[in-house]
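Given next are the chains, with one letter for each unit.
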Amino acid sequence: MAFSTPISSSYLPRVYSHLSAHDAASETKPRICLSNASSLLQCTLNYKACFPSHLEKRELYNFKVSASVTTDVLMHETPVKSSIAKGDTWSIHKFGGTCVGTAQRIQNVAEIVMEDSSERKMVVVSAMAKVTDMMYDLIDKAQSRDDSYELALDAVFEKHKLTALDLLDGDELASFLSTLSLDINNLKAMLRAIYIAGHATESFTDFVVGYGELWSAQMLSSVLRKSGVDCNWMDTREILIVTPAGSNQVDPDYAESEKRLKNWLLQNPSKAIVATGFIASTPQNIPTTLKRDGSDFSAAIMGALFRARQVTIWTDVDGVYSADPRKVSEAVILNTLSYQEAWEMSYFGANVLHPRTIIPVMRYDIPIVIRNIFNLSAPGTKICRPPVNEQDEKHKLETYVKGFATIDNLALINVEGTGMAGVPGTASAIFSTVKDVGANVIMISQASSEHSVCFAVPEKEVKAVAKALETRFRQALGAGRLSQVAVIPNCSILAAVGQKMASTPGVSATLFNALATANINIRAIAQGCSEYNITVVVKREDCVRALRAVHSRFYLSKTSIAVGIIGPGLIGATLLNQLRDQAAVLKEKSKTDLRVMGILGTRKMLLSDIGIDLSKWKELQEEKGEKADLEKFVQHVHGNHFIPNTVLVDCTASTDVADHYHDWLRTGIHVITPNKKANSGPLDKYLKLRTLQRQSFTHYFYEATVGAGLPIMHTLRDLLQTGDKIIRIEGIFSGTLSYIFNNFVDTRAFSEVVKEARAAGYTEPDPRDDLAGTDVARKVIILARECGLKLELSDIPVQSLVPDPLKATASVDDFMQQLPSFDADIANKRQAAEDAGEVLRYVGVVDVTNQKGLVELQRYNKKHPFAQLSGSDNIIAFTTERYNKQPLIVRGPGAGAEVTAGGVFSDLLRLAKNLGAPSF
């Protein structure tokens, strides 16, 4: 019996050769007849279809197929008369469903193809977005005898019809719509057959779903021809021959495919070819698909067959990321990857390419470039063989660690026992048992003592595997040769991938240190001798933190520090602005990432999980700030987990904040501050703080406590550490008092100069805080204690410049109004100094020899360095055994928010350089 219903395209699969054992067993049963009398279908249709070229298809649309057709019809082969051009004149482009999802996007694809200057080019296309899913849905509905499959097929027709109407006109439009209508009618007949049988074979399903690629290829080729491009379209089922290779995989037959390609090119010469992705044929000429990521695979195979210059995979991302950007917001686009690196990253779940896509191009060193069709300015990621002279590159850890990937929802199975050691075949028995269950082993780790074997499997398979192992080793478990088959659920794998990273000293240590700093416990470790990855198993809930921690350490910067700013006042705000301006420079030039994770004010605090945008931190604090809470603030900054180092910068003058330094240092938090309260406070607290600091690797820097941004503490520390002996330190430590006495000249009144200094912002809001000399005394104490003197603040005699009657004046305004009445006394002192050829200077002195300090108004010869100051400059003279006859002088601006914040910034950079080193 025959049927006359037209069958779409020139390929008819062996549709129902495997409908069911019952159907196949009886060829004598009556044939099933469709309700439409004009079209009959045999349920046991069994034949092999011919594969004519697409030029012959139109003549084949109305042929009849008989159940008795069993003879193979060989593909017409034309003798090769001339060589077919191959090699780097060809470039291959692959566009996925998203890229051809609408008429406008198909037009964009055509423009990209036309802009390619390659002499010859092949374009591999997927079905339009969602069409493949729609085609599978048609099969599912028909198998389920759901009548809505007809409406669903109408939707498929309308989608392609409307797209064609937007893109094409004239003969090209008429030709495509005719083909589309014919294909849809044929699909109706096929789906009706499935509806009746209630089942579709894999071959028939592959045949149906391949229509999406046929239509998109025909439309794109028509658009290119319309634009004047010499173009043909290729149904790759005529060319690509593949054989099944296990679960959901196929192997290309390159020899046969190359032979067919050569014949096709002879019959269809053109400068551009639009080919269908995803679909192919078996050696028996039965349509099939390339399974997962089939279009990418098609492009790679074509690249290998053509020996192309390059294969470009067009997608909707800018390239391959160093980590999943959904989990690591700081992930960056990788410029290049080796074939092996791409292979490893894709195996561990990264959205790169399926490993089999890489194999065809790898044979001929054809690079694959992954580019974003929606961002043509992005260069993308190039996957290729590393250059031969790679070893000549500067050796950095970043060179060898390209990226990180994770696999979730795993479980560890640990088989252990003393009876395993030295017993041949134990591992073989374990994994043959796992194989029998059909489980996929993701990772294996075995101790060299052979006492245990640990491996990871998908969590959904772990129960079956554990049960099978307990059954297989029941006797060994009972006899005690094996102690247990333990299951550790809720695990994830984190893999670090890079070329030769395993043979580079320091990579493993850095990886494990980053995980340890983030408080991540490692359950198992595996490192292959191929040198391309280091794999660790962690708890599932720790996976994202682990990924962020190692990514930050390896990829973002050599040194990453989480910074918490306490006190965003004048100095704190200035520091934030300096960090804003220098952050990018530091990352680029010194690989230092100073990430501000929190800002704490007196009323509000601003917290961030990834780092605060310092260009608008004030606005963010107002909009998103929460109630200030020092304990919560510290926990947040130190508990971010993906930045291994934490520093708190105290820009306040608060004793309460300074009292927390000891606890912070004890928990591994570094401290930087211009706040003088801790180092000039009670001696016992100071000694306790410094003892803790010196016993740890946690740093405490306070350069800006004396002389703002001048290197006073740094210079003193260098002198002491190099063995010099300090005899005396003498200096003008107050920028305010330096300004006042530098301008207290001629006949100017002292109160007038104080008023001027206050107006210029050189004094504290209450000038008495400066004139009292307490601030200078604190600096003297800090220097004295640095020299080893055990002095309290009360041990320092201070000459106050505030007249006694004005010390208790109620307000600042009252003080300023009454100060002129006391000008005469200090004016007399100035005159006496001038008469002697001297000037007045307010100084602090550390007399190390006599173990004392003082703060007082002194007179200096006009040729003395202290008499040569201007503005608000500070000057410090170090008299030591080495610098005895001529003191070591440090001079410069000693007041102002800019220089003080600069001193704090210098400490931050000093911290970055000294991380991991002992603290002094």
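Rules of the game
- Residues numbered from 1 in each chain as written.
- Predicted model: local features only at pLDDT ≥ 70, side-chain atom pairs only at ≥ 80, totals over all residues.
- Heavy atoms only, no water.
- Axes fitted to C-alpha atoms, helices over the stretch in contact; angles between N-to-C directions.
- Helix = DSSP H or I, 4+ residues; strand = E, 2+ residues; numbered from the N terminus.
- Parallel < 35°, antiparallel > 145°, perpendicular 65-115°, else oblique.
- Left-handed = near helix turned anticlockwise from the far one by under 90°.
- Contact = heavy atoms within 4.5 Å.
- Nonpolar A, V, L, I, M, F, W, Y, C, P; charged D, E, K, R; others polar.
- Expected span 1.5 Å × (residues − 1).
- Buried < 20%, exposed > 50% of the residue type's maximum accessible area, 1.4 Å probe, protein only.
- Arc of directions from axis to C-beta.
- pLDDT = per-residue confidence, 0-100.
- Lys, Arg positive; Asp, Glu negative; His and termini not counted.
- Salt bridge = Lys/Arg side-chain N within 4 Å of Asp/Glu carboxyl O.
- Pairing = 2+ DSSP bridges.
- Core = buried A, V, L, I, M, F, W, Y, C linked by side-chain atoms within 4.5 Å.
- Phe/Tyr/Trp six-rings, centres within 6.5 Å; stacked < 30°, edge-to-face > 60°.
- Lys NZ or Arg CZ within 6 Å of the ring centre and 35° of its normal.
- Right-handed = clockwise from strand over helix to strand, strands pointing away.

### A short note on the packing of helix α26 (residues 712–721) against helix α30 (residues 774–786)
How two helices sit against one another is set out by the angle between their axes and by the gap between those axes.
Consideration 1: Viewed as axis vectors pointing N to C, α26 and α30 meet at an angle of 20 degrees, and their least axial separation amounts to 11 Å. Considering the angle they form, α26 stands roughly parallel to α30. Of the two elements, α26 crosses α30, and the hand of that crossing is right-handed. Taking contact as the criterion, the partners of I712, M713, L716, R717 and L720 in α26 are, on α30, I782, L783 and E786.
Consideration 2: Among the residues forming the contact of α26 with α30, the class breakdown is 6 nonpolar, no polar and 2 charged.

### Focus on helix α14 (residues 426–437)
Consideration 1: Compared with the 16 Å implied by 1.5 Å per residue over 12 residues, the 17 Å span of α14 between its first and last C-alpha is a close match.
Consideration 2: All of the buried residues along α14 are T426, A429, I430, T433 and V434. In a view along the axis of α14, the buried residues occupy a sector of 135 degrees, so they form one face of it. Residues of α14 that are exposed and point over 90 degrees away from its buried face: S428, K435 and D436.
Consideration 3: Check the buried side of α14 and you find it contacts β15 (403–416), β17 (452–458) and α15 (462–472).
Consideration 4: Note on α14: the residue one or two positions beyond its end, G438, has a positive phi of about 85 degrees.

### Side note on the confidence of the model for the protein
Consideration 1: Summarising the model, the protein shows a mean pLDDT of 85, and 86% of its residues fall at 70 or more.
Consideration 2: For residues 1–83, every residue scores under 50 in pLDDT, and the model assigns this stretch 151 contacts once sequence neighbours within four places are set aside.
Consideration 3: Scored below 50 in pLDDT, residues 390–397 shows 11 contacts in the model against residues more than four places distant or in partner chains.

### Considerations on the side chain of E416
Consideration 1: Looking at the secondary structure, you find E416 in strand β15.
Consideration 2: No salt bridge is formed by the buried E416. Its closest oppositely charged neighbour is R523, at 12 Å.

### So, the sheet that holds strand β12 (residues 336–338)
Consideration 1: An order of β5-β8-β4-β3-β11-β13-β14-β12 is seen for the 8 strands of this open sheet, with the pairing classed as mixed. With one partner strand each, in any of the chains shown, β5 (231–234) and β12 form the two edges of the open sheet. Averaged over all neighbouring strand pairs, the angle between strand axes comes to 20 degrees, with direction disregarded.
Consideration 2: Pairing of strand β3 (residues 90–95) with strand β11 (residues 310–315) involves 5 bridges; the strand directions are parallel. From the neighbouring strand, F95 faces β11, where its bridge partner is W314.
Consideration 3: Along the sheet, helix α11 (residues 339–347) makes contact with β12 and β14 (381–384), crossing β12 at roughly 90 degrees.

### Side note on the nonpolar core
Consideration 1: Y661, W664, I729, I740, F741 and L783 are the most contacted members of the largest nonpolar core, which has 70 residues in total.
Consideration 2: The element best represented in this core is α30, accounting for 7 residues.
Consideration 3: Ranked by size, the runner-up nonpolar core spans 60 residues in total, among them L261, I273, I407 and C491.

### A few points about the packing of aromatic side chains
Consideration 1: A complete count under the given rule lists 15 aromatic pairs for this structure.
Consideration 2: Arranged with centres 5.5 Å apart and planes meeting at 35 degrees, the rings of Y211 and W215 form a pair that is tilted. Linking Y211 with W215, this pair stays in helix α8 (residues 211–226), spanning 4 residues, or about one helical turn.
Consideration 3: When its relative accessible area of 1% is taken as the criterion, Y211 is described as buried.
Consideration 4: Look at W215 and you get buried, because its relative accessible area is 0%.
Consideration 5: Both rings, one in Y661 and one in W664, keep their centres 6.0 Å apart while their planes meet at 35 degrees; by these two values the pair is tilted. Here W664 and Y661 lie together in helix α23 (residues 661–666), a separation of 3 residues that amounts to about one turn.
Consideration 6: Taking relative accessible area as the criterion, W664 reaches 5% and is therefore assigned buried.
Consideration 7: Following the ring pairs from residue to residue traces out a cluster consisting of Y661, W664, Y700 and Y702.
Consideration 8: Of note, R785 hangs over the ring of Y686, and the distance from its end group to the ring centre comes to 5.2 Å.
Consideration 9: The side chain of R830 reaches across the aromatic face of F744, ending 4.3 Å from its centre.

### Describing the pattern of salt bridges
Consideration 1: This model, assessed by the stated rule, comprises 36 salt bridges.
Consideration 2: Between D663 and R666 there is a salt bridge, and its shortest N-O distance comes to 3.2 Å. In this pair, D663 and R666 are both assigned in helix α23, 3 residues apart and thus about one turn of the helix distant.
Consideration 3: Here D663 falls in the partly exposed class, since its relative accessible area comes to 36%.

### Some thoughts on the pairing of strand β22 (residues 592–600)
Consideration 1: Within β22, 9 of the 9 residues are buried, which leaves the element mostly enclosed by the surrounding structure.
Consideration 2: Strand direction decides the pairing type here: strand β21 (residues 559–566) and β22, joined by 8 bridges, are parallel. Across the sheet, residue V563 finds its bridge partner in β22, namely V596.
Consideration 3: Note on the crossover from β21 through helix α19 (residues 570–590) to β22: the handedness is right-handed.
Consideration 4: Note that β22 and strand β23 (residues 604–607) share 3 bridges and pair antiparallel. Considered in β23, the bridge of G598 is made with L607.
Consideration 5: The antiparallel hairpin formed by β22 and β23 contains 3 residues in its connecting segment.

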